[in-house]
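Topology and contacts: notes
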Amino acid sequence: MRQNSRRLLGGLTVTVLIMLTTGGCSLITTYFGFRDIPVEDLQTEYANSESEFIPVNDMMVHVRDEGSGPVLVLLHGILSSLHTWDGWVPTLSQDYRVIRLDLPGFGLTGLPGNGSGDFSLELVTDTVLKILADRHVEKATFIGNSFGGEVSWRLAVEHPELVERVVLIDAKSFPQKWPFVLNLVRRPPLRTFSSFTIPRYSVAIGLYQVYGDDGRLSQDTITRYHHMMLRPGNRKAMLEVMDWIEENERPDGAEPEAGLYKISQPLMTMWGKKDAWIPYEKVGKQWEAAYPDATHVVYKDAGHIPMEEIPSQTLMDLLAFLDATNQSLGYTE
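Residues numbered from 1 in each chain as written. Predicted model: local features only at pLDDT ≥ 70, side-chain atom pairs only at ≥ 80, totals over all residues. Heavy atoms only, no water.

**A few points about the overall build of the protein**
Short version of the rule: Labels follow the DSSP assignment, with helices taken as runs of H or I lasting at least four residues and strands as runs of E lasting at least two, numbered in each case from the N terminus. The classification of residues rests on relative accessible area computed with a 1.4 Å probe and restricted to protein chains. Under 20% of the type maximum is buried, over 50% is exposed, and intermediate values are partly exposed.
Per the secondary structure count, the protein includes 16 helices and eight strands. Per-residue burial for the protein yields a buried fraction of 57% across its 333 residues.

**Describing the sheet that holds strand E5 (residues 140-145)**
To keep things clear, this is the line we draw: Any two strands are treated as partners once DSSP identifies two or more bridges connecting them. As a rule, the C-alpha atoms of each element are fitted with a line to give its axis, helices using only the stretch in contact, and angles between N-to-C directions run from 0 to 180 degrees. When checking whether two residues touch, look at their non-hydrogen atoms; a contact exists if any pair is within 4.5 Å.
In spatial order, the strands read E1-E2-E4-E3-E5-E6-E7-E8; together these eight strands make up an open sheet with mixed pairing. Both outer strands of the open sheet, strand E1 (51-56) and strand E8 (295-299), are each paired with one neighbouring strand and no more. Within this sheet the neighbouring strands show an average axis-to-axis angle of 20°, counted without direction. Pairing between strand E2 (residues 59-66) and strand E4 (residues 97-101): four bridges, direction antiparallel. Of the residues in E4, the one forming a bridge with arginine 64 is arginine 100. Across the sheet, helix H8 (residues 147-158) touches strand E3 (71-75), E5 and strand E6 (163-169), and the angle it forms with E5 is around 145°. Packed onto the sheet, helix H14 (residues 280-290) meets E6, strand E7 (267-272) and E8 and runs at close to 165° relative to E7.

**Looking at the environment of aspartate 243**
Along the chain, the position of aspartate 243 falls in helix H13 (residues 234-247). Given a relative accessible area of 13%, aspartate 243 falls into the buried group.

**A word on the nonpolar core**
In summary, soluble globular proteins display a tendency toward joint burial of nonpolar side chains. Threshold: Residues belong to one nonpolar core when they are buried, are Ala, Val, Leu, Ile, Met, Phe, Trp, Tyr or Cys, and are joined through side-chain atoms within 4.5 Å.
By size, the foremost hydrophobic cluster in this structure holds 94 residues, and its most contacted members are Trp88, Phe142, Ile143, Phe147 and Trp287. The biggest single contributor to this core is H13, with seven residues. Once residues lying within four places of it in the same chain are set aside, the contact partners of tryptophan 88 are Ile143, Ile169, Met270, Met307, Pro311, Thr314, Leu315 and Leu318.

**Things to note about the pattern of salt bridges**
Going by this rule: Salt bridges are defined as contacts in which a side-chain nitrogen from Lys or Arg sits within 4 Å of a carboxyl oxygen from Asp or Glu.
On inspection of all chains with the given rule, the structure shows 17 salt bridges. In this structure, the salt-bridge partner of glutamate 52 is arginine 135, at a minimum N-O distance of 2.9 Å. Remark: arginine 135 occurs in the loop between helix H7 (121-134) and E5 and glutamate 52 occurs in strand E1; sequence separation between them is 83 residues. Here glutamate 52 falls in the partly exposed class, since its relative accessible area comes to 30%. The exposure class of arginine 135 is buried, given its relative accessible area of 15%. Lysine 130 is the partner of aspartate 126 in a salt bridge, and the nearest nitrogen-oxygen pair spans 2.9 Å. You can see aspartate 126 and its partner lysine 130 sitting in helix H7, four residues apart, about one turn around the helix. Overall, the relative accessible area of 38% leaves lysine 130 in the partly exposed class. Taken together, the shared-partner salt bridges connect Glu52, Asp65, Arg97, Asp134 and Arg135 into one network.

**Some details on helix H16 (residues 311-326)**
Threshold: In this scheme, a helix's expected span is set at 1.5 Å multiplied by one less than its residue total.
Here H16 contains 16 residues, and its C-alpha end-to-end distance of 22 Å stays within 8% of the 22 Å for a straight helix at 1.5 Å per residue. Those residues of H16 lying buried are Thr314, Leu315, Asp317, Leu318, Phe321, Leu322, Thr325 and Asn326.

**Remarks on the packing of H7 against H8**
Under the convention used in this document: Small angles under 35 degrees read as roughly parallel and large ones over 145 as roughly antiparallel, with 65 to 115 read as roughly perpendicular and the rest as oblique. Two helices crossing with the near one rotated counterclockwise from the far one by less than a right angle form a left-handed crossing, whereas a clockwise rotation gives a right-handed crossing. Under the scheme applied here, ten amino acids are nonpolar (Ala, Val, Leu, Ile, Met, Phe, Trp, Tyr, Cys and Pro), four are charged (Asp, Glu, Lys and Arg), and all others, including Gly, are polar.
Packing of H7 against H8 brings their axes to within 11 Å, and their N-to-C directions diverge by 70°. On the basis of their axis angle, the class for H7 and H8 is roughly perpendicular. For the pair H7 and H8, the crossing hand works out as right-handed. Here Leu121, Val124, Thr125, Val128 and Leu129 of H7 lie close against H8, whose contacting residues are Phe147, Glu150, Val151, Arg154 and Leu155. Of the residues belonging to the contact of H7 with H8, the class tally is seven nonpolar, one polar and two charged.

What follows is the structure, encoded as structure tokens:
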């Protein structure tokens, strides 16, 4: 366990004592995740003037549609939200139309029926397509991280008329064995435990694992991830996502899905070399071998979410790729 994780656990008792002595019962309830946070309270804290809530598939999907120009669709990974792209959007929206959303089961969107519905890849993909139809988008560049990367490459293969470029960031894709912690969460006693409590420190430990340098992780970011987990329905979604991952797991060395070799659009991959969830050595390198003429960038000190961890550096590389391919797609200044 990393130094920050040990320090976090060591300070837990002190934190609880401070809460108790200051009469912070509600703070303790939230800190340990003993109850959900109402959607309205989360919207007050984490939506802004650019936020829209669009009715799709029995959900009110949180969407931000900013800027003008060629369309970029940003899709986050599991247990995350559209806020993971905050470091990119102010610059991207100067020359592009940037559409990002909280995918079903995550962020402010939640699951259908306010948490009573089920998570599935089909639900996520259909929701993305319907949001883009609502936005009158006919062509877009898809940029996806982790699970959002899988949605992106699948759409590139299944809907080539819609997807004109693909940027995959530590994308779920080639067969791999998943980290023990992901499978541990879905089994007793943690499965039962997480159904009624998700402590902030457990979320922090998970984030420290997905950052390459946990010193880059702010307390506000930890709080946001924790609060999003406490949206009604998101605990259920977390467990369903873990079930889905294990049910669809293919071990190292298994035959990859045929679709992974059928991307015809301009392609870029970004990978954090310290990614412990979807390792560069086992997965990222397979993209390099499969698409030697694509653009591939590796960040030696970053982890699973490099666009959040090192936004300036990753944004610079993304803009270079977009500039290099704009003309071939008919986009001129």
